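What the coordinates show
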Amino acid sequence: MAGALTKRKKIGYAFGIFTESLIYNMFYTYYLAFLVEIVGIAPKYSSIVIFISIAWDAITDPIIGNYTDRGGVDKRKVMKGALLPLGIIFIVAWTSIGAGFTSQTLKILFYTIISMCIWVFYTMYTIPYYAVVAELTEDYDERTNIRSTASLLNAGAVGLGNVLPALVPTIAILLGERFSSNSYAVVAAVISIMAVALGFVCVKSLDGVYTPKAVNANAGKGSFRDTMKAFGEIMSLKPAKFFLIFVFFFLTASSMIQSNLTYMVVDCIGMDYDTGIVYVIVSMVLSMAIVVPIVEKVAAKTDRRTACIIFLSITIVGEIIAKLVGLDAQIGGFKIMTIVCAALLGMGAGTFWTFFYSMGYDLVELDEFKTGERRESIITALPQLIQKFGSAFGILMAGQLLSAYGYDASKDTAGKESLITVVTDPHIVDGMENISTIIPAAFLTVSVVALIFYPMTRKNVGRLMDALNKKRAGRDYSTEGLEKLL
């Protein structure tokens, strides 16, 4: 660490969340619907396009992570180099050029390759972005504070990443019939400009507080074999197994709900899309903004694990109740579930993103204690790999379930509005409702159970840091009380 982490520097760093979150949220909320409704790829194949692209990115995560952990590699330069390509390719991914292909195979191939490129550059930015915090501070609460500041700003990023694409029908009218199919590309351009600009702000904020690691002549060359070896060593850590299960199943549930938002609003809740999506997004953003400082305070009094268990359990109960009540429930004529379901999603997301990376940082010190090496980027890359497989699996499940329940965008529609198809078959509507409620609730339950067995509590981390500091100083230390970790 080269200098003090001032409040201004922390906020500058936190604004980097916009680069990650704007891209992430527009893709995860709308890309399935874009491929189905605009490009004309069947739901079961659209979900496979997304799954393949994200799965490919998950494979590149460890390679990028291992590279940025090497001595002499400047994380700021890696982040900076990814920004412009990420912005340009993201715009291309939302153009309707592939809609003119008569072959489903060509459509699938085109959008799969473009999507794969998005996620590679996304990872080049996000891994060093998140990993650098573990190098800036080792303080348990300061790490939580940095991540909660970013998570609070993330509420705004989530809002923009969801609300701007919701304007697509309006933009389509303004563009006229000839260019309306590229309304998404217009929104993607706006989001890309913001993402790139705030990414540069973040990189600049790290000047004076971050210094690249010194070159280690004894370190590996960063080969794929070295990467896999490092992953194996990290996976052998007892807490890592429970942490990764927690990550995978939360992201499966979250991405399933998020990719189904359009169908939830129009078909399950039964609201006009333009109005309903505004209620959903505002409720989700407000819920995140409210829950982040609350969970941070709960974590300060207990620990991160306990706060996660409490608030994710509330989310599970809420999803089950929503299914029992029905998503078309009304109070005084108002479709109340546009507020309730979105608030539940916001609560879960706000909780997870506040603690996900800071919980992972604790594994850095555990790994160092066992191996003598600090591998911040690798330990950030491994959860990201699992995160992306979980997210991809959730979207894959959503697309496959839509097909299994009988949804076909070319049939059973009323109106030809861009993006919107109104389903009248009650069996399909019930299936869409399950995709937004009880199915993700089941995945969330597995996630919480894994957290219960995750042993990195405040008390155990404190014991670990005490032993690690003594080991660093060459003093005698004891592993008593660390049995659950080691």
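Residue positions are given per chain, counting from 1 as you read along its sequence in written order. Per-residue local features are limited, in this predicted model, to residues with pLDDT of at least 70; the limit for side-chain atom pairs, both in listing and counting, is 80 or more; totals at the level of whole chains, interfaces and linings are taken over all residues. Side-chain calculation: all heavy atoms of the structure are included, whereas hydrogens and water are not.

Quick look at the overall build of the protein
Helix numbers and strand numbers start at the N terminus; a helix is a DSSP run of H or I with at least 4 residues, a strand a run of E with at least 2. Along the protein, the regular secondary structure elements total 18 helices and 2 strands. A globule of 486 residues ought to have a C-alpha radius of gyration of about 23 Å, and the protein, at 22 Å, matches this closely. Its C-alpha atoms put the protein at 75 × 45 × 40 Å along the principal axes. A 1.4 Å probe rolled over the protein chains alone gives each residue an accessible area, and that area as a share of the maximum for its type sets the label: buried under 20%, exposed over 50%, partly exposed in between. Within the protein, the proportion of its 486 residues that are buried is 57%. It is over C-alpha atoms that the radius of gyration is taken, and the globule rule equals 2.2 Å times the number of residues to the power 0.38.

Things to note about the packing of helix H12 (residues 273–301) against helix H14 (residues 337–371)
At their nearest, the axes of H12 and H14 sit 6 Å apart, and the two run at 40° to each other. With respect to their mutual orientation, H12 and H14 come out oblique. The handedness of the crossing between H12 and H14 is right-handed. Where H12 abuts H14, its residues Gly276, Tyr279, Val280, Ser283, Met284, Ser287, Met288, Val291, Val292, Val295, Glu296 and Ala299 lie against Thr338, Ile339, Ala342, Ala343, Leu345, Gly346, Met347, Ala349, Gly350, Thr351, Thr354 and Phe355. Orientation is described by axes fitted as lines to C-alpha atoms, over the contacting stretch for helices, and by angles from 0 to 180 degrees between their N-to-C directions. Each angle is binned into one of four classes, with values under 35 degrees roughly parallel, values over 145 roughly antiparallel, values of 65 to 115 roughly perpendicular, and all other values oblique. Each crossing gets its hand from how the near helix is turned against the far one by less than a right angle, where anticlockwise is left-handed and clockwise is right-handed. Contact definition: two residues touch when any of their heavy atoms are within 4.5 Å.

What about the nonpolar core?
The criterion is simple. A nonpolar core is a set of buried Ala, Val, Leu, Ile, Met, Phe, Trp, Tyr and Cys residues joined through side-chain atoms within 4.5 Å. In terms of nonpolar packing, the biggest core is built from 159 residues, with Trp94 and Phe246 touching the most fellow members. If near-sequence neighbours (up to four positions away) are discounted, tryptophan 94 is found in contact with Met26, Phe27, Tyr30, Tyr31, Phe34, Asn182, Tyr184, Ala185 and Ala188.

Topic: empty space enclosed by the protein
Cavity means a closed set of points on a 1 Å grid over the protein atoms alone, one where a 1.4 Å probe fits but cannot get out, pocket means an open set with protein on both sides within 12 Å along at least 5 of 7 lines, and lining means a residue has an atom within 4 Å of a point. Grid points are joined across faces, edges and corners, and a volume is the space filled by probe spheres set on the points. Summed over the entire model, instances satisfying the criterion amount to 5 cavities of 30 Å³ or more. Considering only enclosed or pocket space, the largest cavity measures out at about 180 Å³ in volume. Elements supplying a minimum of two residues to the lining of the largest cavity: helix H2 (17–39), helix H6 (140–163), helix H10 (238–259), H12 and H14. For the second largest cavity, the calculated volume is near 70 Å³.

Side note on helix H13 (residues 304–325)
Between the first and last residue of a helix there are one fewer steps than residues, each counted as 1.5 Å, and that sum is the expected span. Taking 1.5 Å as the rise per residue, H13 with 22 residues should run 32 Å; its terminal C-alpha atoms sit 32 Å apart, in good agreement. Turning to H13, its buried residues are Arg304, Arg305, Ala307, Cys308, Phe311, Leu312, Thr315, Ile316, Gly318, Glu319, Ala322 and Lys323. Along the long axis of H13, the arc covered by the buried residues comes to 165°, so they all point the same way. Structurally, H13 contributes buried residues whose contacts are with H6, H10, H12, H14, helix H16 (426–436) and helix H17 (438–453). One side-chain oxygen at the N-terminal end of H13 lies 3.3 Å from the backbone nitrogen of arginine 305; it belongs to aspartate 303. Glycine 326, located one to two residues past H13, shows a positive phi value of around 100°. In this context, the arc is that of the directions from the helix axis out to the C-beta atoms. Contacts described as polar in this section are N or O atom pairs within 3.5 Å, which, within protein, must combine one atom able to donate a hydrogen with one able to accept it, while residues neighboring in sequence count only if both atoms come from side chains.

A few points about helix H11 (residues 261–269)
By the criterion of burial, H11 is predominantly enclosed, with 9 of the 9 residues buried. Within H11 the residues assigned to the buried category are Leu261, Thr262, Tyr263, Met264, Val265, Val266, Asp267, Cys268 and Ile269. Positive phi appears at glycine 270, one or two residues downstream of H11, with a value of about 85°.

Regarding the side chain of threonine 112
Structurally, threonine 112 can be placed in helix H5 (residues 104–136). There is a polar contact of 2.6 Å between the side chain of threonine 112 and the backbone oxygen of isoleucine 108. If near-sequence neighbours (up to four positions away) are discounted, threonine 112 is found in contact with Val49, Ile52 and Ser53.

Some words on the confidence of the model for the protein
Residues at a pLDDT of 70 or more form 93% of the protein, whose mean pLDDT is 84. Confidence scores per residue from the predictor, reported as pLDDT, run from 0 to 100. Overall, residues 410–419 carries pLDDT values under 50, and its contacts beyond four positions in sequence, including any with other chains, amount to 16 contacts.

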